[in-house]
Amino acid sequence: MRQKIIAGNWKMNGSQSFIDDFSSQLQPEIEKLSERVKVVLAPPAVYLQQLGDAFSGSGLGLGAQNVAQDDKGAFTGEISAAMLSDIGVEYCLVGHSERRTLYSETDQMVVAKVAQLIEKKIIPVLCVGETLAERDADQAELVVRAQLEAVLSAFSDVELASMVIAYEPVWAIGTGKTATPEIAQAMHAFIRSVVADKSASLAERCAILYGGSVSVATAAELFGQLDIDGGLVGGASLKADDFKKICESMD
Ligand code: 13P
């Protein structure tokens, strides 16, 4: 049985008072939600400690949005995997499309980051996905395969055993245009087949999350698809009530 995961990516949003409000609404619910799904929240790095403290002992998985590709030293502004691990971070997004596009993150950098996370036993949430132009040009599978293979070819099955993959079509992120369940399922099945080319057992175990305008209205149908094991939720994860409902729509 694959683990079901709903992860909230807060991106560059939130504040100390926001976290106080959010946690007072969600904290009492987390234990019950955790019976059906692993709930993960990825706030901006400066708030990881506060969020971790607010949900301490609740079963919430603490997630980071980014990690340095190096382990330590003269890298001004960077945060290492060791530092994330030190404050209890269990998951970390890697290769989010906003990082790939806005910060020129390459597959090589993604591989270096995954290596750092594996070394510190933090679960990488590898984000992949095509742009609208790539989909229109019938290149979606090609693009996603290349993003996946960069990582799959760099590590052993054992090293990747806990990896989570998030399929986030760029055209669906923050646009309100959720992929249809059929489009999402087709790509998730494709992703699983690419992982299976490396290792059938890894493919069977690997949780593949869908991200891109997941909402209370669209979550249940998406999560009902065979190869969709959960969600990576942006905007809707900033509303405690919506996020709770999205978690509840996972069976
Ligand atoms: P939205 O849910 O706001 O579209 O964001 C998706 C996302 O990028 C999560 O990582």
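Rules behind the numbers
Residues numbered from 1 in each chain as written. Predicted model: local features only at pLDDT ≥ 70, side-chain atom pairs only at ≥ 80, totals over all residues. Heavy atoms only, no water. Helix = DSSP H or I, 4+ residues; strand = E, 2+ residues; numbered from the N terminus. Contact = heavy atoms within 4.5 Å. Polar contact = N/O pair within 3.5 Å; in protein donor to acceptor, adjacent residues only side chain to side chain. Axes fitted to C-alpha atoms, helices over the stretch in contact; angles between N-to-C directions. Parallel < 35°, antiparallel > 145°, perpendicular 65-115°, else oblique. Left-handed = near helix turned anticlockwise from the far one by under 90°. Nonpolar A, V, L, I, M, F, W, Y, C, P; charged D, E, K, R; others polar. Salt bridge = Lys/Arg side-chain N within 4 Å of Asp/Glu carboxyl O. Buried < 20%, exposed > 50% of the residue type's maximum accessible area, 1.4 Å probe, protein only. Near = heavy atom within 4 Å. Areas by Shrake-Rupley, 256 points an atom, 1.4 Å probe, with all protein chains shown as cover. Arc of directions from axis to C-beta.

Draft legend 1. Main features of the environment of Glu248. Position of Glu248 relative to the elements: it lies in helix 11 (residues 240–248). The sequence separation of Glu248 and Ala220 amounts to 28 residues, and the corresponding C-alpha distance is 8.7 Å. Residues within four places of Glu248 in sequence aside, it is in contact with Leu33 and Arg36.

Draft legend 2. Layout of the side chain of Gln147. Inspection of the secondary structure assignment puts Gln147 in helix 7 (residues 140–152). At a separation of 2.8 Å, a polar atom in the side chain of Gln147 contacts the main-chain amide nitrogen of Gly129. Non-local contacts of Gln147, meaning those with residues more than four positions away in its chain, are made with Arg100, Asp107, Val128 and Gly129.

Draft legend 3. Seen up close, the packing of helix 10 (residues 216–223) against helix 11. Two numbers describe how helix 10 lies on helix 11: the axes approach to 9 Å, and their chain directions differ by 20°. Taken together, the axis directions place helix 10 and helix 11 in an arrangement best described as roughly parallel. Here helix 10 runs over helix 11; the crossing is right-handed. Side by side, helix 10 and helix 11 meet where Val216, Ala219 and Phe223 of the first sit next to Asp242, Lys245 and Ile246 of the second. The class makeup of the residues in the contact of helix 10 with helix 11 is 4 nonpolar, no polar and 2 charged.

Draft legend 4. Representation of the pattern of salt bridges. Counted under the stated rule, the structure contains 15 salt bridges. Here Lys11 ties to Glu98 by a salt bridge, and the two come within 2.8 Å at their closest N and O atoms. Of this pair, Lys11 sits in the loop between strand 1 (5–9) and helix 1 (16–34) while Glu98 is found in helix 4 (residues 97–102), placing the two residues 87 residues apart along the sequence. A relative accessible area of 21% places Lys11 in the partly exposed class. With a shortest N-O distance of 2.8 Å, Arg100 and Asp107 are connected by a salt bridge. Looking at Asp107, the relative accessible area reads 27%, which means it is partly exposed.

Draft legend 5. Molecular detail of unusual backbone geometry. Positive phi is not limited to glycine here, since Lys11 has a value of about 50°. Of note in this structure, Asp138 is not a glycine but carries a positive phi near 65°. What makes Asp138 exposed here is its relative accessible area of 71%.

Draft legend 6. Examining the side chain of His96 more closely. Looking at where His96 falls in the secondary structure, it is placed in the loop between strand 4 (91–94) and helix 4. One polar contact links the side chain of His96 to the main-chain amide nitrogen of Glu98, over a distance of 2.9 Å.

Draft legend 7. Inspection of the site of the ligand at higher detail. Around the ligand sit Asn9, Lys11, His96, Glu168, Ala172, Ile173, Gly174, Gly212, Ser213, Leu232, Gly234 and Gly235, and those are all the residues in its vicinity. Here Asn9 contributes a side-chain N or O atom positioned 3.0 Å from an oxygen atom of the ligand. Gly235 places a main-chain nitrogen or oxygen 2.8 Å from an oxygen atom of the ligand. For the ligand, whose accessible area on its own is 310 Å², the fraction buried by protein is 94%. Among the residues forming the shell around the ligand, the class breakdown is 3 nonpolar, 7 polar and 2 charged.

Draft legend 8. Highlighting helix 11. Looking at helix 11, one finds that the buried residues are Ala240, Phe243, Lys244, Ile246 and Cys247. Here the buried residues of helix 11 occupy an arc of 160° about the axis, which is enough to place them on one side. Elements that come into contact with the buried residues of helix 11 comprise strand 1, helix 1, strand 2 (38–42), helix 10 and strand 8 (230–233).

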